Protein chains: 2
Amino acid sequence: MSTSSIAPETGPVLDVIPLGGLGEFGMNMLLVAWEDTAILIDAGAMFPGPELPGVDLVIPHLEGLAERVGRLTAVVLTHGHEDHIGALPYVWPLLDGPVYGTPLTLALVGPKLEEHGLNPADRLCEIAPGDTVTAGAMELEFIRVTHSIPDCVAVAIHTPAGVLVHTGDYKFDQTPLDGEPLDVQRFAELGRSGVLALFGDSTNIERPGFTGSERDVVPGLDEVFSHATGKIVVAAFSSSLHRIQIVVDLAVQHGRKLVFAGRGVLQNTEIAERLGHLRLPAGLRIRESEIGGYAARDIVCVTTGSQGEPRAALSRIAVDDHRHIGLEPDDVVVFSARAIPGNRRAIGRVMDQVARRGAQLVDGERSPVHVSGHGSAEELKLMLSLVKPRHFVPMHGEYRYLAEHARVAARVTGGHTTVLLAEDGDVIRLAPGPGRIEGRIATGRALMDGTRSAEVGADVLRQRRHLAADGVVVPVIAVSRDGLVEGIPDVVTRGMVIDARTGALLETLPAMAADVIRAAGPDQRIDPAALTEHVRRELQRVFRKQAGRRPLVLPVIMEI
Amino acid sequence: MSTSSIAPETGPVLDVIPLGGLGEFGMNMLLVAWEDTAILIDAGAMFPGPELPGVDLVIPHLEGLAERVGRLTAVVLTHGHEDHIGALPYVWPLLDGPVYGTPLTLALVGPKLEEHGLNPADRLCEIAPGDTVTAGAMELEFIRVTHSIPDCVAVAIHTPAGVLVHTGDYKFDQTPLDGEPLDVQRFAELGRSGVLALFGDSTNIERPGFTGSERDVVPGLDEVFSHATGKIVVAAFSSSLHRIQIVVDLAVQHGRKLVFAGRGVLQNTEIAERLGHLRLPAGLRIRESEIGGYAARDIVCVTTGSQGEPRAALSRIAVDDHRHIGLEPDDVVVFSARAIPGNRRAIGRVMDQVARRGAQLVDGERSPVHVSGHGSAEELKLMLSLVKPRHFVPMHGEYRYLAEHARVAARVTGGHTTVLLAEDGDVIRLAPGPGRIEGRIATGRALMDGTRSAEVGADVLRQRRHLAADGVVVPVIAVSRDGLVEGIPDVVTRGMVIDARTGALLETLPAMAADVIRAAGPDQRIDPAALTEHVRRELQRVFRKQAGRRPLVLPVIMEI
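Since the structure is predicted, the reported quantities are computational estimates derived from the model, not experimental observations. (Residues numbered from 1 in each chain as written. Chains lettered and ligands numbered in written order. Predicted model: local features only at pLDDT ≥ 70, side-chain atom pairs only at ≥ 80, totals over all residues. Heavy atoms only, no water.)

### A few points about the relation of the copies chain B and chain A
In screw terms, the move from chain B to chain A is a rotation of 180° and a rise of 0.0 Å along the axis, fitting with an RMSD of 0.2 Å. With respect to symmetry, the two chain copies, as superposed, fit the operation of a two-fold axis. Judged by C-alpha distance, Ala468(B) is the residue of chain B that lies nearest the rotation axis, at 2.5 Å. Most of the interface of chain B is mirrored in chain A: 100% of its interface residues are interface residues there too. (Least-squares fit on C-alpha atoms with pLDDT ≥ 70 in both. Contact = heavy atoms within 4.5 Å.)

### Observations regarding the pairing of strand E1 (residues 14–20) of chain A
All names here are of chain A. Where burial is concerned, most of E1 is hidden: seven out of the seven residues are buried. For E1 and strand E22 (residues 426–431), the ladder comprises three bridges, and the chain directions are antiparallel. Each residue of the ladder has a partner; that of valine 16, found in E22, is isoleucine 428. Pairing analysis gives six bridges linking E1 to strand E3 (residues 29–34), with the strands arranged antiparallel. Considered in E3, the bridge of aspartate 15 is made with alanine 33. (Buried < 20%, exposed > 50% of the residue type's maximum accessible area, 1.4 Å probe, protein only. Helix = DSSP H or I, 4+ residues; strand = E, 2+ residues; numbered from the N terminus. Pairing = 2+ DSSP bridges.)

### Topic: the sheet that holds strand E4 (residues 37–41) of chain A
All names here are of chain A. What the eight strands build is an open sheet, ordered E8-E7-E6-E4-E3-E1-E22-E23; its pairing is mixed. At either end of the open sheet lies a strand with only one pairing partner, and these are strand E8 (124–126) and strand E23 (436–440). On average, each strand axis in the sheet is tilted by 25° relative to the strand beside it, whichever way the strands run. Relative to E23, E22 runs antiparallel, the two being bridged by three bridges. By the bridge assignment, arginine 429 is partnered in E23 with arginine 436. Packed onto the sheet, helix H4 (residues 103–115) meets strand E7 (99–101) and E8 and runs at close to 165° relative to E8. (Axes fitted to C-alpha atoms, helices over the stretch in contact; angles between N-to-C directions.)

### Focus: the packing of helix H11 (residues 377–387) of chain A against helix H12 (residues 399–413) of chain A
For any two helices packed against each other, the geometry is given by the interaxial angle and the distance between the axes. All names here are of chain A. Between H11 and H12, the shortest axis-to-axis distance is 10 Å and the interhelical angle comes to 50°. Classed by the angle they form, the pair H11 and H12 counts as oblique. Once H11 is placed against H12, the crossing between them reads as right-handed. Contacts between H11 and H12 involve Leu380, Lys381, Leu384 and Ser385 from the first element and His405, Val408, Ala409, Val412 and Thr413 from the second. (Parallel < 35°, antiparallel > 145°, perpendicular 65-115°, else oblique. Left-handed = near helix turned anticlockwise from the far one by under 90°.)

### Section: unusual backbone geometry
Negative phi characterises most residues that are not glycine, and trans characterises most peptide bonds. All names here are of chain A. The peptide bond linking alanine 431 to proline 432 adopts the cis configuration, its omega dihedral lying at -5°. For proline 432, the position within the fold is in the loop between E22 and E23. Backbone geometry places alanine 121, a non-glycine residue, at a positive phi of 40°. Within the secondary structure, alanine 121 is located in the loop between H4 and E8. A residue is classified by how much of its surface remains accessible, and alanine 121, at 54% relative accessible area, is exposed. One non-glycine residue, aspartate 320, lies in the positive phi region at around 60°. By secondary structure assignment, the location of aspartate 320 is in the loop between helix H9 (313–318) and strand E17 (332–335).

### Considerations on the interface of chain B and chain A
Tallying the contact residues gives 56 residues for chain B and 56 residues for chain A. Each partner contributes to the roughly 5,000 Å² buried at the junction of chain B and chain A, and carbon and sulfur atoms together form 60% of this total. Interface area lost by chain B to chain A is led by Arg345(B), Arg400(B) and Met558(B), which between them contribute 13%. Our count for the chain B to chain A interface comes out at eight salt bridges. Residue Glu423(A) is joined to Arg356(B) by a salt bridge in which the shortest nitrogen-to-oxygen separation is 2.4 Å. (Buried area = accessible area lost by both parts, 1.4 Å probe. Salt bridge = Lys/Arg side-chain N within 4 Å of Asp/Glu carboxyl O.)

### Details of helix H14 (residues 500–519) of chain A
All names here are of chain A. Helix length check: H14, at 20 residues, gives a terminal C-alpha distance of 28 Å against a target of 28 Å (1.5 Å per residue), a fit within 8%. Of all the bends in H14, the greatest, near 45°, is centred on leucine 509, and the proline proline 510 appears no more than four residues after it. Buried residues of H14: Thr502, Leu505, Leu506, Leu509, Pro510, Met512, Ala513, Ala514, Val516 and Ile517, and no others. (Expected span 1.5 Å × (residues − 1). Bend = angle between axes of the 7 residues up to and from the residue.)

### Looking at the sheet that holds strand E19 (residues 418–419) of chain B
Residue and element names in this part refer to chain B. Reading across from one edge, E8-E9-E10-E11-E12-E18-E19 is the order of the seven strands in this open sheet, with mixed pairing throughout. A single partner strand is all that each edge strand has here, and the edge strands are strand E8 (132–135) and E19. For strand E10 (residues 152–159) and strand E11 (residues 162–166), the ladder comprises five bridges, and the chain directions are antiparallel. If you follow isoleucine 157 over to E11, its bridge partner there is leucine 164. Packing against the sheet, helix H11 (residues 377–387) makes contact with E11, strand E12 (197–201) and strand E18 (391–395), and its axis sits at approximately 165° to E12. The strands touched by helix H12 (residues 399–413) are E12, E18 and E19; relative to E18, the strand with the most contacts, the crossing angle is about 150°.

### Let's talk about the packing of aromatic side chains
Aromatic ring pairs are described here by two measures, namely the spacing of the ring centres and the angle between the planes. All names here are of chain A. Scanning the entire structure with this criterion turns up six aromatic pairs over all chains. Geometrically, the ring pair formed by tyrosine 170 and phenylalanine 172 is edge-to-face, given 6.0 Å between the ring centres and 85° between the ring planes. Residue class for phenylalanine 172 comes out buried when judged on its relative accessible area of 7%. Lying across the ring of tryptophan 92, arginine 123 places its NZ or CZ 4.7 Å from the centre. (Phe/Tyr/Trp six-rings, centres within 6.5 Å; stacked < 30°, edge-to-face > 60°. Lys NZ or Arg CZ within 6 Å of the ring centre and 35° of its normal.)

### A few points about the nonpolar core
In this structure, Leu72(A) and Phe187(A) are the most contacted members of the largest nonpolar core, which totals 92 residues. Looking at this core, the element that brings in the most residues is helix H7 (residues 241–254) of chain A, giving seven residues. Looking at which domains feed residues into this core, each of domain 1 (3–209 + 373–448) and domain 2 (214–363) of chain A gives three or more. Once residues lying within four places of it in the same chain are set aside, the contact partners of Leu72(A) are Leu31(A), Ala38(A), Leu40(A), Leu65(A), Val91(A), Leu94(A), Leu95(A), Asp96(A) and Gly97(A). Membership of the second largest hydrophobic core comes to 91 residues, among which are Ile17(B), Ile244(B), Ile246(B) and Met383(B). (Core = buried A, V, L, I, M, F, W, Y, C linked by side-chain atoms within 4.5 Å. Domains from an automatic or database assignment.)

### Section: the domain arrangement of chain A
Partitioning chain A into domains gives domain 1 (3–209 + 373–448), domain 2 (214–363) and domain 3 (470–559). Spacing between the C-alpha centres of domain 1 of chain A and domain 3 of chain A amounts to 54 Å.

### So, the environment of Ser306(B)
All names here are of chain B. On the secondary structure map, serine 306 appears in the loop between strand E15 (299–303) and helix H9 (313–318). Using a relative accessible area of 4% as the deciding quantity, one classes serine 306 as buried. In this structure, the C-alpha to C-alpha distance between serine 306 and leucine 108, residues 198 residues apart in sequence, is 20 Å. Here serine 306 is in contact with Ala235, Ala236, Phe237, Phe335, Ala337 and Ile347, once residues within four sequence places are set aside.

Structure, rendered in structure tokens:
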């Protein structure tokens, strides 16, 4: 491995290409390519907002990747969050080699592959922090970092052209719950021996200071346990297993029985307990169905639903639609999570339902019952100071976060680092010659409809938005073989507001449709597609002019 | 006017009924009714989120109001924000008497009525703080309050059963820009002489302390003016005329020319200047088209678009699609507003575009360039202490805000106030007898499609959501008069993802549809509606089972 300080001007090419996560929060995916070796760091997905109706999952477009490198030598998963592992089933067909990840990460991704009918078999390779594996011309070294889910790593990619460091998601938790701190020495050693490029998480660049340890939530939660006279319900991400451990420990201290509710919490705690990431004293946990046998003040419940997901356990509890768990005025509901932007309205609705039941709300956005898993500005600066890279690329964030991280990096590193502000699809060429952005590959967001099926194209999405905003009108017209209208055309609508003007128009529409066909030229009449398009355009115009509306008009012209 | 301290047990009824704003932010509307006198305080609207496709405006359902009181004696508008005036055109047909408001409020609502083809004529009656007018059996007294828009009032409603105080939106701005402070003495006098019930704004109940004066943004904005080496673009609500005045004053101090961009800013500043609420020194303002004649460092621009509205001036500027205004790396864009929940993603997109142009961002959520127009917890407590009402009803907010305001009020007022935690539609009976909630009227949200037209019903909305999520399939089947299938059925789809399974299914669907009709019983065959429903249900089932999809199936069965 060479980390020569003078970059040769010719020789093989080292390219790094972000496929996702540089320009948005989510769908993190970074390609590192040197000759025949192509390593993908993370294969993440993101969840669509209501502006993408009928879309279940968003992942990076993979065509550009496939064209650029053909096959992948290996995939590295830095940790088990959806925005780092959720696209693996879609990447799978491109992969020739192993998927590297820690035991917890692989335990979370395995069932996802099986759901897609893929057999992970011996392709999932467990690694531990400190391990180094060879992948083609590169060596992959895993470094412990701390985050909101256990068992996270950063990765140092030792390439023939120099060392790249990918931080994954991290914060400097100096008192981690599992006693596994971020390996600050190893980052320092790498920095000392020379790092060609650092790729750093930008999520919390806009927050000043240090984020603080996961343990910082203990006093806030302990206060809830100390004062609650009824049931305590803690809503958290089901992957926040440190947080769940803290609730477990407080349940023991305060003599409450523990209930897990919601599929995600049940699945993840089962996995975490099996792998030693969750320590549950015997006799502490009871089933949901046993809750009736205890006083409310003897119960703490950990649930899904901190983001207001309508079918999550908390949402059902809040509207008294849960089989075993209800809410009474003495109960306390703790939102031990931040609100992901876009989820605020949904969370507000659940909070309102909780307030309607008279229960007390403790909101992680206002009370010290939540702490972020991402380092704040001072931590991101510290990483830059430790690694002292020759090049720095901010990753993980919307563009303004990357831009701010770039500005901060320029201040921290002085002149010795070249900051490259890249976006998804940019080809970051780190060798030969000085690092720069050189060209782009095709990229974008693939909108998946149904977790194991097809992509929602731009046309389909446009049609859906049109249908949602204005509804659909289907005029049905029978014509004879020689193009004459037979009988009286029929009209069906869905999703359309029928007011006086629209109603009157719909009454005259069949006759109008017949007129349009009668008035059509002979060329249009013999070409059914042209005739349909002509009728569509004419009726759409009539709707716009006479009723001020723009429904999707879908004429059916039937030859009989 | 009697304000007897012992409520009589019999006699006429004084009812207060919130139609909107108690259970949501927006569409504020409160009915006060005594015998034949029915006064509506505010007639507000709210804007729909993406979960309401094709809906342009949300207002309270008015049927319950119409049933309850028949006609309205008068409407009072406390100030000119949409969530207090936006529903007036829809209330108009119920109104026999005048609409009371300050000059600015009426100047903002007038064009709205005209847009709806209504003639305000002499029905809009200007009032000033300190005025009292008679409306049926009540007297309406207007009291100056301070808020983010000028010319705001609270209203004291002197009824035969006692005085009601409605705060409107307010904060205790002790140094208001226009020198018109909240009339703290009048609230105190009313409190001293006895108030039957206070209806108080709850918007900022979750914020501790005092909100602070509108002037508090001056140092933050002044710093931007002092350091900016390029153009300054300030995005603000077009109704935030105090804020715009501050920018005007800073432009004068720092020797920059002023440009207004965006329809709302142009309209509102024209009105405000005419009414004396905005003072623009001669020669300060230039047109957008004149911008090219000045250096960037000599320009400050006030625009619409602080909420990321895609067609607002700022959104167009940010993507370099504005005819006269562009962005360069030295420019500064100030978001001098808070992000309304639900708008964060859209605002983020605009901020990203600004960052892409290299301009600097100053975000009102992080920098001291924005201050709220609503009082924080200590101000809301102060209002309770001043007015010392016999009853208190929290208003303006989602349920958890009302509940928190109720809790705070119970602490502040000790035992002397009865707190009534009401929601939209609750009948708050304040006489005869002790105040209590007694029954409900029909209420809800009317979803308006097109600003002057029809209501989007629950069915239409359900269909739109279905269309948006899954698309539509239209199988067209011709049958003879005796119910036999003629020719080959046709199928049209829109908004549907066609993958391998769906594609295969669509190929066989025509034959399947024909089979379903052939297999239908004779009863179904002679009833076209029953036959269509039967086909719909069968094909929907086939889609679900064979392709795992749930499109809206809209069969057209045509008798020929």
